[in-house]
Amino acid sequence: MRRDVQILRAAINQKLIETGERERLKELLRAKLIECGWKDQLKAHCKEVIKEKGLEHVTVDDLVAEITPKGRALVPDSVKKELLQRIRTFLAQHASL
Amino acid sequence: MEEISLANLDTNKLEAIAQEIYVDLIEDSCLGFCFEVHRAVKCGYFYLEFAETGSVKDFGIQPVEDKGACRLPLCSLPGEPGNGPAQELQRSPPEFQ
């Protein structure tokens, strides 16, 4: 049964890409995150991280380790709900893959 | 190819797939932001684009002080007494005459 779910997940991801829905979801998310101030909050957090690590020494790994958890936590519930609803609609519309 | 159907999946599994897609999109946004910041830092425009408030001093960079016209002998304007280049520097070397 687990193998079937894995195959299904891969098929769904492929469908998301093929139909362009993944790009549309990414764009929607991007717009919503700017609108709600998520990007501004993360910019402020970035400043602190870079001050701590030093402008010359900060690495991608530093930024990913510090910024990503904060980024995940800062996504507003409303944005999460809207995106999940869009995803569920897509899954319902593509019941057969 | 055998058709895969989402209709056979129970609600919990479908919801789990939707959540995974959502998490994937959020991770994408966070990583994209990290790369944007890192690029801005390495290309030298972080404090212009990302740090809208504060100044370069926040990052340990000393701002360039505007001291007015440069007073180095070679940079002085002609006709200003006492500020011209040294005598031996006033003529170009023989090989360039």
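Residues numbered from 1 in each chain as written. Chains lettered and ligands numbered in written order. Predicted model: local features only at pLDDT ≥ 70, side-chain atom pairs only at ≥ 80, totals over all residues. Heavy atoms only, no water.

## Thoughts on the packing of aromatic side chains
The description of two aromatic rings rests on the distance between their centres and on the angle between their planes.
Step number 1: Under the counting rule described, the total for this entry stands at one aromatic pair over all chains.
Step number 2: Between the aromatic rings of A:W38 and B:F33, the centroid separation amounts to 6.2 Å while the plane-to-plane angle is 65 degrees, which identifies the pairing as edge-to-face. In this pair, A:W38 sits in helix α3 (residues 38-53) while B:F33 sits in helix α1 (residues 11-43), so the two residues belong to two different chains. Take A:W38 and B:F33: they sit in the same class, and that class is buried. (Phe/Tyr/Trp six-rings, centres within 6.5 Å; stacked < 30°, edge-to-face > 60°. Helix = DSSP H or I, 4+ residues; strand = E, 2+ residues; numbered from the N terminus. Buried < 20%, exposed > 50% of the residue type's maximum accessible area, 1.4 Å probe, protein only.)

## Side note on the environment of B:S29
Step number 1: By the secondary structure assignment, B:S29 is in helix α1.
Step number 2: Residues B:S29 and B:K13, 16 residues apart in the sequence, show an inter-C-alpha distance of 25 Å.
Step number 3: When sequence neighbours within four positions are dropped, the list of residues in contact with B:S29 reads A:L29, A:L33 and A:W38. (Contact = heavy atoms within 4.5 Å.)

## A closer look at the interface of chain B and chain A
Step number 1: On the side of chain A, 44 residues touch chain B, which itself brings 40 residues to the contact.
Step number 2: Here chain B and chain A share an interface that buries about 4000 Å² over both sides, 72% of which is from carbon and sulfur atoms.
Step number 3: The interface formed by chain B and chain A includes seven salt bridges.
Step number 4: Of the charged contacts, one joins B:E20 and A:R9 as a salt bridge, the two residues approaching to 3.0 Å between their closest N and O atoms.
Step number 5: At the surface where chain B touches chain A, the tally comes to nine residue pairs in polar contact (both at pLDDT 80 or more).
Step number 6: Mapped by element, the contributors of at least two residues to the side of chain B that touches chain A are α1 and α2 (46-49) of chain B.
Step number 7: A per-element tally of the side of chain B that touches chain A places α1(B) first, with 25 residues. (Buried area = accessible area lost by both parts, 1.4 Å probe. Salt bridge = Lys/Arg side-chain N within 4 Å of Asp/Glu carboxyl O. Polar contact = N/O pair within 3.5 Å; in protein donor to acceptor, adjacent residues only side chain to side chain.)

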